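So you can see what is in the structure, the chains are spelled out below.
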Amino acid sequence: MSGAEKITVKVTEVVPLNELVTRFRFERADGGLLPTFSGGAHTVVEMHDGGITRLNPYSLMSDPMDQTAYTISVRRDDEGRGGSLFMHQQVKAGDEMVISFPVNLFSLDLRAKKHLFLAGGIGITPFLAQIKQLQRFNGNWELHYACRSAALGSYADELTDHYPNETHVYYDDEKQTIDLVNLLDGQPLGTHVYVCGPKGMIDWVRKTAAAEGWPREAIHYEEFLAPQPGKPFEVKLAISNKTIEVGENESLLEAMERENVDAPYLCRGGACGQCETRVIDYAGNFIHRDHWLDDAEHAGGEKIMPCVSRFEGKTLVLDR
Amino acid sequence: MTIQFNNESFRDDYSFYNSERAIKRFPFPFHEDSYMYSVNMEQHRGGPVDSVYEMRFDVDEHYVSEMRDRAMVLADDPLRCQSLPHMTLAGWDLLELIMVSKSEDYPDLFELHRDGNKWRWINKPLGIDHSFTFLDEATLPCGPMEYITRQAQGDFAVLDQRDDNLWMDAGMVTTQADWSLDFDIGMNFFEWHAPVPLAHEKGIFVRALKFLMNIQQGAPARRLNWTMTVNPLLDTSPENYHKWGIQKTELTPQNIGAKQHLRVELQTFFRLPRSNALVFPIRCYLCSFQDLMGVPKWGRRLHRVIRDLPEELATYKGFIDNRPMMLDYLKDFDDGLPTSPGIWPELDTEPPLTR
Ligand code: HEM
Ligand code: FES
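Note that the coordinates shown come from a computational prediction; the quantities given were computed from them, not determined experimentally.

### Re the overall build of chain A
Regarding its fold elements, chain A presents seven helices and 17 strands. The C-alpha atoms of chain A give 20 Å as radius of gyration, which agrees with the globular expectation for 320 residues (20 Å, within 12%). Along the longest, intermediate and shortest principal axes, the C-alpha atoms of chain A span 60 × 50 × 35 Å. Counting all 320 residues of chain A, 52% fall into the buried class. Partitioning the contacts of chain A with sequence separation of at least 6, the portion at a separation of at least 24 is 68%. A total accessible area of about 14000 Å² is found for chain A, and carbon and sulfur atoms account for 46% of it. Each charge class in chain A can be summarised by its mean position, and for the 32 positive and 47 negative side chains these summaries are 3 Å apart.

Next up, the structure:
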């Protein structure tokens, strides 16, 4: 068995927020209560899109203590492989869907004296749940939220209305930027920093914090990597004794699942390590996109994370 | 199923005993005739009817007496229960997990009535009927972890997960096999496992930690561990070594069958939802050699395992000095016949002792 436990849910609300982002509300199909979760958790949503099954992770943004419903927000990605397009175009209120139990790879460090949240675009969603969790326990937090424009700033108005002192919003089109060095400099001892947004933003925050002398353990980040499309390639699976083709719009993990190879996974976003697979032989180049393996492992050619990474070249033989 | 609770002691006169039923459901830890450390983990999703695997938290005939023993240990040494300030939410998670599990699994013994955050908990064996507000510490007589683990058999380590590691930041530890919460508090997975021989070299802890960090809500896991204890002592702590260590020298060929106990820990692992912490309940089961020998398969196998156990393990588990005497006793229950795979007693199919 691979992945987390499943729950069958009914879509009870589909709310377009702006040009790019739509919110979905899920309730248990059997009318029961959903599991509580911790702020920062995601759920993996199953989509049956023609012949392809997609499993995409989305951060839970609802109140972790509210067991009646989960909500997620999905940003449409016109370039991606179609998971977000499916959610936007196909999913309607009343549909049944299967989602996973909550999994948290971006949890709060509850020792923190203060939580400093840095969000970029749709990266706001995990913080919405974390803020609700902290509000309940009188936690000390502050949010800096960068988005492209007021029109695309999902939840910016609600946050500013509810938490005017804690919320700071920056609009790219008005040339507003987070003054990170000063912001970090002014934090009390025991502050933890959390960043969720595009890869460039995460790298910028991690580098800046490191240069400013922040300990690695105080910087938390989550970037969901949707698997990217790429050139088709062929893989030999040594244990299953199969040669399979990975199509342009599917991941290596999805291709193995299509061929009924039992491949482990959890996050499907390059973060948890569960899908790590040994490379037996290769001639070509890896396109590593995960956060799990370190640079040496990426260069070493002995391991690949099939949920997000791809390959270009002649031969790839995996221990699976 | 109604449980008849024993009135027994785990100290002084050692009136502890196992009923026939308790012997038959004892979690014998060896699935084959030899033993070595391994990443022996499986899902914790029930098991055979009336086995210790059946329920999420097994309640057996020793429940009431074990809770009395825990209260005595805590009265002497309050540091057996500790929770760092950031672990309170995990304590509530644990309280909820145990109350919900026990009330669902043993409805005749435990009841939980919930109306929003107004909860009423009824524990019939211990005579408790308490109403409180969930997540409000002021409505409990002590912290949530202490409150619920004073009513649950076994030790509990509550681990915070951060920086790609697990940290022992809270626990209730009164029935342990020679390790100390007060010493280990705040340590990480590799630090508290440092004294264990051979397993580090085999890469067991690296793989075990990866597995544990990936344990998810709704998908608990379990494993068995074991050691040896002379007299049915629950509290074999380093803090009290001066009291129990010496009892190991009191073993004789005449009393070994009654005094020497196989000590088995059923260890389970649950992800806690609100805190994302991991709880590690360590449930201790004791069975005397003479009771174990009533099961022919276990007699044959225990002799072979103890005989062939690497010296490092017998030393770490603290019975290297008594091993010759144990083997002398056990050899009479090993007639050389083959044993069937698996831990279950197989009383109906396994041949009786032929000597
Ligand atoms: C988070 C959960 C766990 C906790 C809190 C825990 C705690 C401990 C402690 C306190 C000891 C005693 C060390 C000493 O001598 O001071 C121990 C021993 C040991 N642990 Fe763990 N452990 C955990 C999970 C595991 C897992 C998953 C494995 C899997 C292989 C494992 C394997 C062992 C072994 C082999 C020993 C030596 C036991 C013996 O020979 O009696 N532990 N553990
Ligand atoms: S499934 Fe989590 S890293 Fe691939």
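Anyway, onward from the coordinates.
### Regarding the sheet that holds strand E14 (residues 242-246) of chain A
All names here are of chain A. Ordered by their spatial adjacency, five strands build an open sheet running E14-E13-E17-E15-E16, and the pairing between neighbours is mixed. Both outer strands of the open sheet, E14 and strand E16 (303-304), are each paired with one neighbouring strand and no more. By the bridge criterion, eight bridges tie strand E15 (residues 277-287) to strand E17 (residues 310-318) in an arrangement that is antiparallel. Paired with Ile287 across the two strands is Arg310, which belongs to E17.

### Considerations on the site of ligand 1
Residues and elements named next belong to chain B. Neighbouring ligand 1 are 24 residues, the closest being Tyr37, Trp192, His193, Tyr316 and Lys317. Taking His193, its side chain carries an N or O atom lying 2.8 Å from a nitrogen atom of ligand 1. In the environment of ligand 1, an oxygen atom lies 3.4 Å from a nitrogen or oxygen atom belonging to the side chain of Asn225. If you list the elements that add at least two residues to the shell around ligand 1, you get strand E6 (155-162), helix H6 (189-192), helix H7 (204-213) and strand E8 (221-230). Ranked by the residues each element gives to the shell around ligand 1, the list is headed by H7, at four residues. In terms of residue class, the shell around ligand 1 is built from 18 nonpolar, three polar and three charged.

### Observations regarding the interface of chain B and chain A
Chain B puts 17 residues into the contact, and the matching count from chain A is 24 residues. Of the roughly 1900 Å² buried between chain B and chain A on both sides combined, carbon and sulfur atoms contribute 51%. The tally of links from chain B across to chain A stands at two salt bridges. Across the pair Lys210(B) and Glu276(A) runs a salt bridge, and its minimum N-O distance is 3.6 Å.

### Brief notes about the coordination of the iron atom of ligand 1
Exactly one protein atom donates to the iron atom of ligand 1; that atom is His193(B) (NE2), 2.0 Å from the metal. As for its placement among the helices and strands, His193(B) is situated in the loop between H6 and H7.

### A short note on the sheet that holds strand E1 (residues 42-43) of chain B
Residue and element names in this part refer to chain B. The strand order across the open sheet built from seven strands is E1-E8-E9-E10-E6-E7-E2, with neighbouring strands paired in antiparallel fashion. What marks the edges here is a single partner per strand, and that holds for E1 and strand E2 (81-83). In the sheet, strand E9 (residues 260-271) pairs with strand E10 (residues 278-288) via nine bridges, with the strands oriented antiparallel. The partner of Arg263 across the bridge, within E10, is Leu286. Against the sheet, H7 makes contact with E6, strand E7 (165-172), E8, E9 and E10, and its axis sits at roughly 75 degrees relative to E7, the strand it touches most.

### Points about helix H11 (residues 296-308) of chain B
Residues and elements named next belong to chain B. Spanning 13 residues, H11 covers 19 Å between terminal C-alpha atoms, matching the ideal 18 Å at 1.5 Å per step. The element H11 is extensively covered by neighbouring structure, given that eleven of its 13 residues are classed as buried. Regarding H11, the residues found buried are Pro296, Lys297, Trp298, Gly299, Arg300, Arg301, Leu302, His303, Arg304, Val305 and Ile306. The inward-facing, buried residues of H11 abut helix H1 (20-24), E8, E9, helix H10 (289-292) and helix H13 (323-330).

### Points about the packing of H11(B) against H13(B)
Residues and elements named next belong to chain B. It is at 9 Å that the axes of H11 and H13 come closest, and there the two elements cross at 155 degrees. Taken together, the axes of H11 and H13 lie roughly antiparallel to each other. Classified by chirality, the crossing of H13 by H11 is left-handed. Contacts from Leu302, His303, Ile306 and Arg307 in H11 reach Arg323, Met326, Leu327 and Leu330 in H13.

### Thoughts on the environment of Trp344(B)
All names here are of chain B. Tracing the chain through its elements places Trp344 in the segment after H13. In the structure, Trp344 is positioned 317 residues away from Pro27 in sequence and 8.1 Å away in space, judged by C-alpha atoms. Sequence-distant contacts of Trp344, that is, excluding residues within four places in its chain, are made with Pro48, Ser51, Tyr53, Lys297 and Trp298.

### Considerations on the pairing of strand E5 (residues 128-133) of chain B
As paired strands, strand E4 (residues 118-123) of chain B and E5(B) are joined by six bridges and run antiparallel to one another. Pairing of Trp119(B) across the sheet is with Phe132(B), part of E5(B).

### Focus on the pattern of salt bridges
Residue and element names in this part refer to chain B. Using the criterion set out here, one finds 46 salt bridges over all chains in the structure. A salt bridge links Arg21 to Asp50; the shortest N-O distance between them is 2.6 Å. On the criterion of sequence distance, the pair formed by Arg21 in helix H1 and Asp50 in the loop between E1 and helix H2 (63-76) is long-range, its members being 29 residues apart. In this structure, the salt-bridge partner of Asp308 is Arg307, at a minimum N-O distance of 3.0 Å. Take Asp308: its relative accessible area is 44%, and that puts it in the partly exposed class. Look at Arg307 and you get partly exposed, because its relative accessible area is 43%.

What counts as what
- Residues numbered from 1 in each chain as written.
- Chains lettered and ligands numbered in written order.
- Predicted model: local features only at pLDDT ≥ 70, side-chain atom pairs only at ≥ 80, totals over all residues.
- Heavy atoms only, no water.
- Helix = DSSP H or I, 4+ residues; strand = E, 2+ residues; numbered from the N terminus.
- Rg over C-alpha atoms; globule rule 2.2 N^0.38 Å.
- Buried < 20%, exposed > 50% of the residue type's maximum accessible area, 1.4 Å probe, protein only.
- Contact = heavy atoms within 4.5 Å.
- Areas by Shrake-Rupley, 256 points an atom, 1.4 Å probe, with all protein chains shown as cover.
- Lys, Arg positive; Asp, Glu negative; His and termini not counted.
- Charge placed at Lys NZ, Arg CZ, Asp CG, Glu CD.
- Pairing = 2+ DSSP bridges.
- Near = heavy atom within 4 Å.
- Polar contact = N/O pair within 3.5 Å; in protein donor to acceptor, adjacent residues only side chain to side chain.
- Nonpolar A, V, L, I, M, F, W, Y, C, P; charged D, E, K, R; others polar.
- Buried area = accessible area lost by both parts, 1.4 Å probe.
- Salt bridge = Lys/Arg side-chain N within 4 Å of Asp/Glu carboxyl O.
- Donors = N, O, S within 2.8 Å, 3.2 Å for Na, K, Ca; no water.
- Axes fitted to C-alpha atoms, helices over the stretch in contact; angles between N-to-C directions.
- Expected span 1.5 Å × (residues − 1).
- Parallel < 35°, antiparallel > 145°, perpendicular 65-115°, else oblique.
- Left-handed = near helix turned anticlockwise from the far one by under 90°.

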